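What follows is the residue order along each chain.
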Amino acid sequence: MTDWLEHSVQVEVPVPIEHVWSLWSDLEQMPRWMKWIDSVHISDADPEISIWQFASGNFRFDWKSRIVRLVDNQIIQWESIDGLPNRGAVRFYDRKGSSIVRMSIAYDMPGIVGQLMDRLFLGRIVESTLQADLERFRVYAEQSLQQTGPT
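What counts and what doesn't
Residues numbered from 1 in each chain as written. Predicted model: local features only at pLDDT ≥ 70, side-chain atom pairs only at ≥ 80, totals over all residues. Heavy atoms only, no water. 1 Å grid on protein atoms, 1.4 Å probe; cavity = no way out; pocket = protein on both sides within 12 Å on 5 of 7 lines; lining within 4 Å. Points joined across faces, edges and corners; volume = space filled by probe spheres on them. Helix = DSSP H or I, 4+ residues; strand = E, 2+ residues; numbered from the N terminus. Nonpolar A, V, L, I, M, F, W, Y, C, P; charged D, E, K, R; others polar. Buried < 20%, exposed > 50% of the residue type's maximum accessible area, 1.4 Å probe, protein only. Polar contact = N/O pair within 3.5 Å; in protein donor to acceptor, adjacent residues only side chain to side chain. Contact = heavy atoms within 4.5 Å. Core = buried A, V, L, I, M, F, W, Y, C linked by side-chain atoms within 4.5 Å.

Student: A description of the layout of surface pockets should follow, citing residues and the corresponding values.
Tutor: Here the largest pocket is characterised by a volume of approximately 870 Å³. Lining of the largest pocket is provided by 33 residues; of these, Trp36, Phe54, Leu84, Tyr107 and Val126 occupy positions nearest its centre. Listing elements by their share of the lining of the largest pocket, those giving two or more residues are strand E3 (49-56), strand E4 (59-71), strand E5 (75-83), strand E6 (86-94), strand E7 (99-110) and helix H2 (111-148). No other element matches H2, which puts 6 residues into the lining of the largest pocket. Among the residues forming the lining of the largest pocket, the class breakdown is 26 nonpolar, 5 polar and 2 charged.

As structure tokens, this is what we get:
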């Protein structure tokens, strides 16, 4: 028996939605702002499939994900199809010159062990890591916009 544990974080990015979308939708660039993601590769055979590698200390996990919903400037939703069980969505909200990026991630943990670990410390670690990732994205998006100009 397993339980899905979910965490959501968000950040306001003072960058137009089109630029935020162009950066985030290039999945292979995610290691630039997501500390725990070591690499992302888009499958040559199917652009909806991506191969991810998570690295933290001595832990390494790989998985394949499929994009299950994609609406330009609004949402990227995925689910793993192999490896580390996870699913989630990144939603984008246009604030006329700035953007809200809201990320929700769920992962599968074994029963009571997962619940106990999540309540004690894992949940706080995951949420603080995700929030720090979004803050790094905000800085990355601002710097990118300054370098390239509005999209």
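Student: Outline unusual backbone geometry, supporting the account with residue identities and numerical values.
Tutor: For residues besides glycine, phi is generally negative; the peptide bonds are generally trans as well. Positive phi, close to 65°, is recorded for Asn73, a residue that is not glycine. Counting through the fold element by element, Asn73 comes out in the loop between E4 and E5. A residue is classified by how much of its surface remains accessible, and Asn73, at 27% relative accessible area, is partly exposed. The phi dihedral of Lys96 falls on the positive side, at around 55°, and the residue is not glycine.

Student: Now, about the side chain of Ser80: what can you tell me, with residues and values included?
Tutor: By the element assignment, Ser80 lies in strand E5. Assessed through its relative accessible area of 18%, Ser80 is described here as buried. One polar contact links the side chain of Ser80 to the main-chain carbonyl oxygen of Leu84, over a distance of 3.3 Å. Leaving out residues up to four positions away in the same chain, Ser80 has contacts with Trp63, Lys64, Ser65, Pro85 and Asn86.

Student: Before we move on, can you summarise the nonpolar core with the specific residues and values?
Tutor: Counting 36 residues, the largest nonpolar core has Trp24, Phe92, Val101, Met103 and Phe137 as its most contacted members. Ranked by residue count, the leading element in this core is H2, at 7 residues. Ignoring any residue separated from it by four or fewer positions in sequence, one finds Val101 in contact with Val9, Gln10, Val11, Val13, Val20, Trp24, Val90, Arg91, Phe92, Leu134 and Phe137.

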